Amino acid sequence: MVVHSTQPQFGTLLTAMVTPFTDSGTVDLDAAQKLAVHLVEGGNDGLVVTGTTGETPTLTDDENVAMFRAVVEAVGDRVPVIAGTGTNDTNHSINLSRRAQEVGVDGLLLVTPYYNKPSQAGIRAHMEAIADATDLPVMLYDIPGRTGMAMDTSTIVALSKHPRIVALKDAKGNLLETTRVIATTDLDVYSGDDGMTLPLMSIGAKGLVSVTAHVAAPQYRALVDAALAGDFETARALHFQLDPVQRALMTHVQGAVAAKTVLHWQKVLPNSVVRLPLVAPSAEELNPVKADLVEAGWEI
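Nothing here was measured: the structure is a model prediction, and the numbers come from that model.

Participant: Let's hear about the overall build of the chain: which residues, and what values?
Facilitator: A tally of helices and strands in the chain yields twelve helices and eight strands. Relative to the 2.2 N^0.38 estimate, which gives 19 Å for 300 residues, the radius of gyration of the chain is 18 Å and therefore close to what a compact globule would have. For the C-alpha atoms alone, the extent of the chain along its principal axes is close to 50 × 45 × 35 Å. Counting over 300 residues, the chain shows a buried share of 55%.

Here is the structure:
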């Protein structure tokens, strides 16, 4: 069994940030910097910029890099900033990763290549090529529900031997396979599913890369800290408290749409604008979101 380090280099609570837009649909860097500060002050000790929740499929490379630079300028001296540079085009990912390194990010988030459905050998070669292209540490991202392809545990184990591949954001939803990864590699494993934070941390995950922490960072900070301290009674109570908030953000409309909507309600963001093909939620779609938050004790 692998002995894991106690201090993961990316932190233990990271929010996968939304990308704020102006009313006209351009990237709002000022709002992004204010959001980054808000999240760090709420308890995040790392941030992911332009991952899926950041609507990266609809951002240009220049917009991605501008977001990396803005968040590094805002909080890069306080917490690690992880750039979402993974795509389904290896050369594109390499170029974007190199540009991310140039503006001072602390690491890369690389999602499994989507849509083109490579073999496991292709996934491994893709990840290793990007990891070889910069000096930055890498967090793999396994989310087959979005990509259509899971990384086999054997592929993750092989990739863990690369000197710059140091972490895994796990959204596979398979506790047995994640158990094998934690038991047999020295990767820092993070829950990539808010509702799986407590189960995964109970078997050795180091923390969470979250969407819901946009709107409830202090509670997630307390949950993660309790789990890391082995205080699972407290962690379990927080898990139950957060359940309706997680349902509100993650089960009724797309996560970025829900997060931006609630952040706007909280007056953290000036609007809740998203880019097509995402659209604003209807009143009917928002009714269960509001009901879940009321269940959690929020005033809506």
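Participant: Tell me about the nonpolar core, residues and numbers included.
Facilitator: Ranked by internal contacts, the top residues of the largest apolar core, which has 81 residues, are L47, F68 and V105. The greatest single-element share of this core, amounting to eight residues, is contributed by helix α9 (residues 213-228). Aside from chain neighbours lying at most four places away, what touches V105 is F68, V72, V81, A83, A100 and L136.

Participant: Describe a nonpolar patch on the surface, with residues and values.
Facilitator: Nonpolar side chains collect at one region of the surface, where W265, V294 and I300 lie side by side and expose about 270 Å² of accessible area between them. For V294, the location among the structural elements is in helix α12 (residues 283-295). Classification of V294 by relative accessible area gives partly exposed; the value is 48%.

Participant: Please set out the packing of aromatic side chains residue by residue, giving values where relevant.
Facilitator: Across all of its chains, the model carries zero aromatic pairs by this definition. It is K169 that lies over the ring of Y141; its NZ or CZ is 4.0 Å from the centre.

Participant: Which residues make up the UniProt feature "active site" (unreviewed entry) in the chain, and what are the values?
Facilitator: Using the residue numbers shown here, the UniProt feature "active site" (unreviewed entry) corresponds to Y141 and K169. Spanning 29 residues, the named residues form one tight spatial group whose C-alpha atoms are at most 4.7 Å apart. Along the chain, the position of Y141 falls in strand β5 (residues 138-142). Not counting the four nearest positions on each side in its chain, Y141 is found in contact with T52, L109, L110, V111, T112, M151, K169 and A171. By the secondary structure assignment, K169 is in strand β6 (residues 165-170). For K169, a relative accessible area of 6% corresponds to the buried category.

Participant: Before we move on, can you summarise the side chain of T261 with the specific residues and values?
Facilitator: Checked against the element boundaries, T261 lands in helix α11 (residues 255-265). With residues up to four places along the chain from it excluded, the contact list for T261 reads S272, P281 and L286.

Participant: How would you explain unusual backbone geometry if you had to name every residue and give the values?
Facilitator: For the bond running from L276 to P277, omega is 15°, close enough to zero to count as cis. Structurally, the position occupied by P277 is in the loop between α11 and α12. If you check the backbone angles, E55 has positive phi at about 55° while not being a glycine. Its identity is not glycine, yet K267 carries a phi of approximately 65°, on the positive side. As for its position among the elements, K267 is in the loop between α11 and α12.

Here is what the cut-offs are and how they apply
Residues numbered from 1 in each chain as written. Predicted model: local features only at pLDDT ≥ 70, side-chain atom pairs only at ≥ 80, totals over all residues. Heavy atoms only, no water. Helix = DSSP H or I, 4+ residues; strand = E, 2+ residues; numbered from the N terminus. Rg over C-alpha atoms; globule rule 2.2 N^0.38 Å. Buried < 20%, exposed > 50% of the residue type's maximum accessible area, 1.4 Å probe, protein only. Core = buried A, V, L, I, M, F, W, Y, C linked by side-chain atoms within 4.5 Å. Contact = heavy atoms within 4.5 Å. Patch = residues over 30% accessible without salt bridge, like charges linked within 9 Å, V, L, I, M, F, W, Y side chains within 5 Å. Areas by Shrake-Rupley, 256 points an atom, 1.4 Å probe, with all protein chains shown as cover. Salt bridge = Lys/Arg side-chain N within 4 Å of Asp/Glu carboxyl O. Phe/Tyr/Trp six-rings, centres within 6.5 Å; stacked < 30°, edge-to-face > 60°. Lys NZ or Arg CZ within 6 Å of the ring centre and 35° of its normal. UniProt positions renumbered as here; feature names shortened; annotations may be inferred.

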